[in-house]
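Descriptive structure summary
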Amino acid sequence: MENKIDIQFLKRPLIFFAISLVLSLVFIVLGWQFQNSKNAEYIQAKSSLSSSHRVYKQLVEDLDLLDQYKKAYKEYKKTGLIGPERRLSWIETLEAVNDVLKLPRLTYALQPQQEFSRPGLKVERNIVIGSTPMDLTIDLLHEEDLFAVFEGIAGNINNLFSIDSCRITRMGKGDSVLSTKSANLTSKCLMRWITVDVQNK
Amino acid sequence: MVAQEWDGRKLNSSVYFEPDEQGLDLFNAYLSSLKHAPVRLLLDLIEEEFRQIVIPFLRGPDRTGIIDRNFAKFFRNSSYRYALSQAVLKKGRRKEEKLLLMGLTNQELLKPWLNILDETKTPLSGILSLPLVSEDLVADFKSENNCVILVSQQVPSNLRQSVFLNGKPILSRLVPIASFYQGNYASDVIRDIEGTQRYLVSQRIIDRNDTISVQILCNERHLESLKTKTDEDPVFDYNVQDVNDFIKIEKLELNDEQDFSSVLFCHQATKKPYANHYARHQERKYFYHHLVSMGTKVTSVALLAISVGLLAVFIGKGFLYESSVNEMKQLEQKYKLKFTQLNELKIDEDISTSNMKNVVQTVEKLKQSYLFSPQQMMAMVSQDIALFNEMRVNSLEWVLASSANATSADSQVEKNMDTRSRRNRRSNSVIAKKLFEIVNIKGELLNFDGDYRYALSLINDFEDTMKVSNKYDVVQITERPLNIDSNERLSGDVSNKVNNKTDNKNADFSFRVVREVKLSGK
């Protein structure tokens, strides 16, 4: 009796093992590929859903914002605060103010539009703040008339303006008594009409 | 040679082979038909001897050496031998081991059968000794005596007597008996049992007065005569059982009534995996092959099962993913539908909502912090000047600038200015962090009579009052009625004073106040 391994005896189980091994690998690889392909579809669908959800959420937030800001925006746009400058309206406003105050002199000089900047003023990249300088020369009976002009402008037009400088000079010399019929003071002011515009990019 | 095929308690087949050439050929054919099913060989031979020995309690090669020496002593010419450890004895500090040595004295008997097993590549799991296998049967008899003799007959010509002491086999004898079919069988059996008793007493295995329990398995034909004979004997504790009754008790399924008890022992040998007693390594070669084959098959099946399981898991997961994908697609459709519905609510299409928000916020910010008027500053300065009746303001200039030293308002970049200039100008305004209201005032003292000392004192009082008020960051007198600074030139006309004329005397002054603007809406 020899004690060697009888391959013939083990042939069938070994073949069975080899076939099982191959089949197992095939099953596992095919199953794994199937799962992976479905997983890829799942990830893509998840991403797509997430994207849709984000867009939807953004829209809902936009609608909330829309409700919140729509009224103010429409009002600003209507009055010309938002959009291109409205020089004619400004001049008409000045005329209206002086119709009431009846100042001896109220002249204006509008300069080309400039950008508006102030220390610490930061705005979004696509928001453009423009300012149109207007030199005002006003003869005044009393210094309070100057502020009455500014208040009149503010009351007549819903636009933004800011005063950069103002010089009030007494007319005549040595008279301590003020005239009630002619100008006693003259003023030169630099005011800026501010417009806000948005670049839709 | 009897070949039995068992399926649990059921005997499927029992085939008898004569120990001649024809019988061997038939045995070969029978094994070939089994297709490498594993078998066990149960020996019931006369040429099997048992020796009980006591050796020092050892382990490892020392023990093996002692056992080998005893094998050489008792079974010199046999390679079929087995040592069964039965007990560890304690004698004071010394420990000893009781062993049952057994071996075949004529191993040539097995050779033709084993050759056929090898030729047919039949896996032989082991060669078992019948007396050792019958140890479990003895426990079933539940005898009250320490010594039990199991008497059985597997073939017509021989009677097997196996002796058990405290449940352990110590001896087994197979004696020829000729009276199975003719003669006084019962007397012959009793005589042989008495012979065994005498041997046990002579070997001092038991005491002469010890009662021996004798369990006899016989067929129905000899039952009555044996019972009659054993009832007459007062020395032994006999228990005679019909082998077929015992087979029923053991719940074995057999087709025919049995004359002999071989089926009992053969079934006993299949009941549990007994340790191999006699088979050598080379004789178990195909059993090892069989184990490898089984292992390979089990591994293959396990592999297939695992892979199929994994495949099922993968497919299950895949379908779960697919189901989730479908649900997500439906949800996405709902989102898109809602999106379309809500999107129609957006009325201003010329501007995005975020831009709208930014524009409105910018306007609010401008309104809150970046629109200026000189009114407040001018009123404040006017109130301070009003405290001094002799002072008259001829000119007042208010300037808004990012520098406290500025003389004019900050210039702004024109929209159509070239990029480089715009960048420079813009960077300046970005660098500037503060904003100041600057007021320059020019005036004169009323009713001035040429008393400069008084005039200067008045201006100093005015300066102090403004500084003490803490309303301004800078209060600076830029022109006094008379410049008496050591570093300046000073000229004048004092003739008027001698002539007592004061008409042309002037006491002009100018000053500058600065206040930082609080920018709250950054």
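Read on for an overview of the structure. (Residues numbered from 1 in each chain as written. Chains lettered and ligands numbered in written order. Predicted model: local features only at pLDDT ≥ 70, side-chain atom pairs only at ≥ 80, totals over all residues.)

**A look at the overall build of chain A**
Definition in use: Where helices and strands are cited, they refer to DSSP runs of H or I of at least four residues and of E of at least two residues respectively, numbered from the N terminus. Once C-beta atoms are placed from the backbone, each residue is buried if 20 or more other C-beta atoms lie within 10 Å of its own, exposed if 12 or fewer, and partly exposed for counts between those two.
Counting its regular elements, chain A contains three helices and five strands. For chain A, the α and β elements follow one another from N to C terminus as α-α-β-β-β-α-β-β. In chain A, buried positions account for 27% of the 201 residues.

**Points about the overall build of chain B**
The condition is simple: Placing C-beta atoms from the backbone, we regard two residues as in contact once those atoms come within 7 Å.
The helix and strand tally for chain B stands at 15 helices and 16 strands. In chain B, which comprises 522 residues, the share counted as buried stands at 31%. Sequence separation of at least 24 residues holds for 70% of the intrachain contacts in chain B that already meet a minimum separation of 6.

**Some thoughts on the sheet that holds strand β8 (residues 147-155) of chain B**
Residues and elements named next belong to chain B. Just so we agree on the cut-off: Here, any two strands with at least 2 DSSP bridges between them count as paired. Fitted lines through C-alpha atoms serve as axes, helices being fitted only where they are in contact, and the angles separating the N-to-C directions of these axes extend from 0 to 180 degrees.
Ordered by their spatial adjacency, five strands build an open sheet running β10-β9-β8-β11-β12, and the pairing between neighbours is mixed. Among the strands making up the open sheet, the edge pair consists of β10 (168-176) and β12 (237-242). Ignoring strand direction, the axes of neighbouring strands in this sheet form an average angle of 20°. In the packing of helix α6 (residues 185-202) onto the sheet, contacts are made with β8, β9 (158-165), β10 and β11 (212-218), and the angle to β9 comes to roughly 35°.

**Things to note about the interface of chain A and chain B**
As a reminder, the rule being used: Note on residue classes: Ala, Val, Leu, Ile, Met, Phe, Trp, Tyr, Cys and Pro are nonpolar, Asp, Glu, Lys and Arg are charged, and everything else, Gly too, is polar.
Of the residues lining the interface, 78 residues belong to chain A; the matching set on chain B comes to 82 residues. Where the side of chain A that touches chain B is concerned, the elements lending two or more residues are α1 (7-79), β2 (114-115), β3 (127-140), α3 (144-156), β4 (160-170) and β5 (185-198) of chain A. Grouping the amino acids of the side of chain A that touches chain B by side-chain chemistry returns 46 nonpolar, 21 polar and eleven charged. Here five bridges tie β4 of chain A to strand β13 (residues 391-401) of chain B, and the two strands are oriented antiparallel to one another. When the sheet's bridge partners are listed, serine 165 of chain A is paired in β13 of chain B with valine 399 of chain B.

**Considering the pairing of strand β7 (residues 124-129) of chain B**
Residues and elements named next belong to chain B. Where burial is concerned, most of β7 is hidden: five out of the six residues are buried. Where strand β3 (residues 39-43) and β7 come together, five bridges link them in parallel fashion. Of the residues in β7, the one forming a bridge with valine 39 is leucine 124.

**A closer look at unusual backbone geometry**
All names here are of chain B. Backbone geometry places asparagine 447, a non-glycine residue, at a positive phi of 55°. Within the secondary structure, asparagine 447 is located in the loop between β14 (436-445) and α14 (452-468). For asparagine 447, a count of 10 C-beta atoms within 10 Å translates into the label exposed. For asparagine 470, which is not a glycine, the phi torsion comes out positive at approximately 60°. Among the secondary structure elements, asparagine 470 is positioned in the loop between α14 and β15 (474-479).

**Quick look at the environment of serine 14 of chain B**
Residue and element names in this part refer to chain B. Note that serine 14 resides in strand β2 (residues 10-16). By C-beta crowding, serine 14 is classed as partly exposed, having 17 other C-beta atoms within 10 Å. The residues touching serine 14, leaving out its near neighbours within four places in the chain, are Val2 and Gln4.

**Examining the environment of glutamate 283 of chain B**
With respect to the secondary-structure elements, glutamate 283 of chain B resides in the loop between α9 (262-271) and α10 (285-343). The spacing of glutamate 283 of chain B and aspartate 118 of chain B is 165 residues in sequence and 7.2 Å in space, taken between C-alpha atoms.

**Here's the deal with the sheet that holds strand β6 (residues 94-104) of chain B**
Residue and element names in this part refer to chain B. Judged by pairing direction, the sheet is antiparallel, and its three strands sit side by side in the order β4-β6-β5 without closing on themselves. For this open sheet the edge positions go to β4 (48-56) and β5 (81-91), each flanked by a neighbour on one side alone. Sheet twist, expressed as the mean angle between neighbouring strand axes with direction ignored, is 20°. For β5 and β6, the ladder comprises ten bridges, and the chain directions are antiparallel. Of the residues in β6, the one forming a bridge with leucine 89 is glutamate 96.

**Topic: the packing of α6 of chain B against helix α7 (residues 220-232) of chain B**
All names here are of chain B. Rules: Each angle receives one of four descriptions, namely roughly parallel if under 35 degrees, roughly antiparallel if over 145, roughly perpendicular if within 65 to 115, and oblique otherwise. Each helix crossing is assigned a hand: it is left-handed if the near helix lies turned anticlockwise from the far helix by less than a right angle, otherwise right-handed if that turn is clockwise.
It is the contact of α6 with α7, at a shortest axis distance of 9 Å, that shows an interaxial angle of 50°. By the angle between their axes, α6 is oblique relative to α7. As for the relative orientation of α6 and α7, their crossing is right-handed in sense. Residues Tyr185, Ala186, Ser187, Val189 and Ile190 of α6 pack against His222, Ser225, Leu226 and Lys229 of α7. Its residues assigned to classes, the contact of α6 with α7 comprises five nonpolar, three polar and one charged.

**Considering the nonpolar core**
Selection criterion: Nonpolar core, as used here: buried Ala, Val, Leu, Ile, Met, Phe, Trp, Tyr and Cys residues forming one set through C-beta atoms within 7 Å.
Core analysis: the biggest nonpolar cluster contains 65 residues, and Leu42, Ile149, Val151, Val189 and Ile216 of chain B have the highest contact counts within it. With six residues, α6 of chain B is the largest single contributor of residues to this core. Discounting residues that sit within four places of it in the chain, leucine 42 of chain B has contacts with Leu128, Leu130, Val133, Phe265, Cys266 and Ala269 of chain B. Tyr76 and Phe161 of chain A together with Val439 and Ile441 of chain B belong to the second largest nonpolar core, which has 63 residues in total.

By themselves, these figures tell us nothing about what the structure is for.
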